[in-house]
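The primary structure of each chain is shown beneath.
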Amino acid sequence: MALWARLDDVSVRYGPKIIVQNLSLDIVEGAITCIIGLSGAGKSTILRLLNGLKKPDSGRVFVQENDITEMRERDLIELRRTIGFAFQFSALFDSLTVGENVALPLREHSKMKDQEIRKLVSETLDSVGLAHVEERFPAELSGGMVKRAGFARAVITNPKAVLYDEPTTGLDPIITHVLTDTIVKLRERLNGTAVVISHDLESIYMMADYIAMLFEGAIVAYGTVDEIRRSPNPIVQQFLQGSEVGPIPI
Amino acid sequence: MKVLEDAGRGTTNAFAYAGGVAELFADALRFIVGLRIRVGATVDQAYLLGVQSVSIVILTSLFTGMVFSLESAVQAVQYGVGNLVGGLVAFTAARELGPMLSAVVVAGRTGAAIAAELGSMVVTEQIEALQSLGLSPTRMLVVPRLLALLIMLPLLTVLADIISIIGGMWVAGIYAHISQESFITSARSAVPFEDVLKGLFKSAVFGVIIAIIGSYQGLRTRGGAAGVGKATTGAVVTSIILIFIFNFALSYVLFAH
Ligand SMILES: Nc1ncnc2c1ncn2[C@@H]1O[C@H](COP(=O)(O)OP(=O)(O)O)[C@@H](O)[C@H]1O
Ligand SMILES: [Mg+2]
């Protein structure tokens, strides 16, 4: 199995607080890997490690065989153009319209003509199920629409991989289903890799090829959906069942 | 011991702060020198940050020019040197009042606005979003604000110079019966054009200070809405202090030959 990325013995601290300790994780190319874990476990930190927004204090991060911990900022910027990032709260630029938000990476990085950009923006918005919102501002959209606009901005440059930070958290079950479906379709369309942080077990079972569970700074379980569901690890079982009893302190 | 420890930490923090500011400034200069400038955004910022400060610059410089003239004109006439009041007002306006007043006013209004805007962009992950799209926040956000203030603050200073002189002339006429001709003649002879340019140079430096400190404070915001508040206050306080310090240093170098 080819890997898109690999975290190798990585540690991260914020001040004295150790967030991730000697963590290793493979991200399989062309698959959807879901990362689960408690709030504050360091899941978002892992996504930031994968596109170089955060440098580990020790250990190495490989993306397509390149050690990105050694990269200069200039090369990191190039790398990030091949990785889409859908933020937890979408992080749309609120001074720009939705259309301008989605168009921004093309306007800044490509030599495409305005007309071509407009066409591609509208197609991409269509592909995430958003039509006719180009002229609206992010503040005028509902939560689910904002998420989808964020997806559109993340994928418009046809990145090799897309990182989704809690794409469905806080949304109703119908939108959750639609967004999960969108993630699967986008991965197929891009023929790329996806890493998804989620708490939503149903949606994880629906889309994941692999699941990694993060607990106390390390990956405590990794496998296919079936392997994880049948895992004998009491931490995994407690998490999946949402039980108060077990090794996870509350 | 605690005091020493705190002082030590304070010094380290000050160095780290200065280093961070210098790094941001160098980064911005690189884009400017490489002409990687977003002209549209710069014009927008010039309008937003500069034009909207016009009215408060007019008000503050008008009243300062008036009070300055009020204090000096009556006395000057008593000592029989009423013909010097125009020169005194113009001299002070061009060298100190105009640059300082417009800088302090713009620091309060615009420096705060820059820090608040960039700070809330940090908190809502918009800065990281820029980076994740392979875009530099310095080029996208800091450079346009820096250039906008570099251009607009000297222009606002010209305005402040003129308005404070007009205010001074008006009050000198009313309270000390100094004629406009006498006021203007005196003003002309007291202030060489070079002094006006030096004043404008100072205000260009102040513009850079306000933009860079506002941006730096905004970009290093941590911790939600409260963090944005802190960044905003920090930007105003720090840039005003730096403006006073740089004003002294620059006046020393430029005027005290
Ligand atoms: N910039 C930061 N400065 C200090 N602490 C941080 C920072 N970012 C995250 N943390 C801390 O790191 C921990 C992990 O954060 P995060 O990766 O966002 O967790 P998750 O996404 O799993 O909820 C949290 O306890 C958080 O408070
Ligand atoms: Mg998170």
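Please refer to the structure higher up on the page.
Residues numbered from 1 in each chain as written. Chains lettered and ligands numbered in written order. Predicted model: local features only at pLDDT ≥ 70, side-chain atom pairs only at ≥ 80, totals over all residues. Heavy atoms only, no water.

## Considering the interface of chain B and chain A
So, step 1. Each partner contributes to the interface: chain B provides 15 residues, whereas chain A provides 20 residues.
So, step 2. Both sides of the chain B and chain A interface together cover about 1500 Å² of buried area, and 56% of this is carbon and sulfur.
So, step 3. Per-residue buried area on chain B facing chain A is highest for B:Glu125, B:Ser132 and B:Leu133; these three make up 36% of the total on that side.
So, step 4. Linking chain B to chain A there are 4 salt bridges.
So, step 5. Across the pair B:Glu125 and A:Arg48 runs a salt bridge, and its minimum N-O distance is 3.0 Å.
So, step 6. Applying the counting rule to chain B against chain A returns 5 residue pairs in polar contact (both at pLDDT 80 or more).
So, step 7. When residues of the side of chain B that touches chain A are assigned to their parent elements, the largest contribution, 6 residues, is made by helix 5 (residues 126–132) of chain B.
So, step 8. Classifying every residue of the side of chain B that touches chain A by side-chain character gives 6 nonpolar, 5 polar and 4 charged. (Contact = heavy atoms within 4.5 Å. Buried area = accessible area lost by both parts, 1.4 Å probe. Salt bridge = Lys/Arg side-chain N within 4 Å of Asp/Glu carboxyl O. Polar contact = N/O pair within 3.5 Å; in protein donor to acceptor, adjacent residues only side chain to side chain. Helix = DSSP H or I, 4+ residues; strand = E, 2+ residues; numbered from the N terminus. Nonpolar A, V, L, I, M, F, W, Y, C, P; charged D, E, K, R; others polar.)

## A short note on the environment of A:Phe89
Residue and element names in this part refer to chain A.
So, step 1. Its place among the elements puts Phe89 in the loop between strand 6 (83–86) and helix 3 (98–109).
So, step 2. The class of Phe89 is exposed, set by a relative accessible area of 61%.
So, step 3. Residues Phe89 and Val184 lie 95 residues apart in sequence; the distance between their C-alpha atoms is 20 Å. (Buried < 20%, exposed > 50% of the residue type's maximum accessible area, 1.4 Å probe, protein only.)

## Some remarks on helix 3 (residues 54–78) of chain B
Helical periodicity: at 3.6 residues per turn, an α-helix aligns residues three or four positions apart in one direction.
Residues and elements named next belong to chain B.
So, step 1. The end-to-end C-alpha distance of helix 3 is 36 Å, a good match for the 36 Å that 25 residues give at a rise of 1.5 Å each.
So, step 2. In this fold, the buried residues of helix 3 make contact with helix 4 (85–123) and helix 6 (137–176).
So, step 3. Of the residues one or two after helix 3, Gly80 is the one with positive phi, at around 75°. (Expected span 1.5 Å × (residues − 1).)

## Concerning the sheet that holds strand 2 (residues 17–28) of chain A
All names here are of chain A.
So, step 1. Across the sheet, 4 strands lie side by side as 2-1-4-5; this open sheet has antiparallel pairing. One side of each edge strand has no neighbouring strand; the edge strands of this open sheet are strand 2 and strand 5 (66–67).
So, step 2. Pairing analysis gives 8 bridges linking strand 1 (residues 3–14) to strand 2, with the strands arranged antiparallel. Across the sheet, residue Arg13 finds its bridge partner in strand 2, namely Ile18.
So, step 3. Sitting on the sheet, helix 1 (residues 43–50) touches strand 1, strand 2 and strand 4 (58–63), and the angle it makes with strand 1 is about 120°. (Pairing = 2+ DSSP bridges. Axes fitted to C-alpha atoms, helices over the stretch in contact; angles between N-to-C directions.)

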